[in-house]
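The lines below spell out each chain.
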Amino acid sequence: MPRDAATLVSELRKFTADDFDYMKGAKGPERLYALCEEVEALLEPMSIFPEFFALIERLSDSELGTPGPLVHTMEKHSGHYEQFLAESLKRKPTDLTVWMVNRILNGEPADSAFWMDQLSTAAEHPSATPLVKEQALHFIEFQKK
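Computed from a predicted structure; not experimentally measured.

A.B. asks: Where do I start with the pattern of salt bridges in this structure?
C.D. replies: Two side chains of opposite charge can pair, provided their charged atoms sit close to one another. Per the stated rule, a full pass over the model turns up 10 salt bridges. In this structure, the salt-bridge partner of arginine 103 is glutamate 75, at a minimum N-O distance of 2.7 Å. Placement of arginine 103 in helix α6 (residues 95-106) and of glutamate 75 in helix α4 (residues 68-75) is noted, with a sequence separation of 28 residues between them. Accessibility expressed as a relative area gives 29% for arginine 103, which makes it partly exposed.

Structure representation (structure tokens):
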């Protein structure tokens, strides 16, 4: 029987950095893929996207995929996750969210100036790590070419 949105949110909130520690035989990636499949089966999968970004921000130092199940699930719903991405970038830019912006820009969207501004803001954000700031600057240069 399919689980409801509240149950899936609860499961997302249980993930810890140890779940993605490959040196400890982490099973987090497999669990995350399965959970994303369940999210896709919901009538309104987009309702879970804020929790996806909360997880990305909370476990910003963990390898959640390249781009991984969270990003793949959200990208299936273009036009429905971008607002949540922009809000997440305001709170705490991460390597994954900055990378998501670059993926959007690769598609040459009509609002590319907005997304370039998001990268610029991420490059100066006080909560961004030096690596995230460097990555944002790299993507800015890449997108200018």
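Having seen the structure, we can now continue with the description.
A.B. asks: Explanation requested: the packing of aromatic side chains in the structure shown.
C.D. replies: Each pair of aromatic rings is reported with the distance of its centres and the angle of its planes. Scanning the model with the defined rule gives 3 aromatic pairs in all. With a centroid separation of 5.5 Å and 40° between ring planes, the pair formed by phenylalanine 15 and phenylalanine 20 is classed as tilted. You can call phenylalanine 15 buried: its relative accessible area is 1%. Classification of phenylalanine 20 by relative accessible area gives buried; the value is 4%. Aromatic pair phenylalanine 114 and tryptophan 115: ring centres 4.9 Å apart, planes at 80°, arrangement edge-to-face. Given a relative accessible area of 36%, phenylalanine 114 falls into the partly exposed group.

The rules behind the values
Residues numbered from 1 in each chain as written. Predicted model: local features only at pLDDT ≥ 70, side-chain atom pairs only at ≥ 80, totals over all residues. Heavy atoms only, no water. Salt bridge = Lys/Arg side-chain N within 4 Å of Asp/Glu carboxyl O. Helix = DSSP H or I, 4+ residues; strand = E, 2+ residues; numbered from the N terminus. Buried < 20%, exposed > 50% of the residue type's maximum accessible area, 1.4 Å probe, protein only. Phe/Tyr/Trp six-rings, centres within 6.5 Å; stacked < 30°, edge-to-face > 60°.

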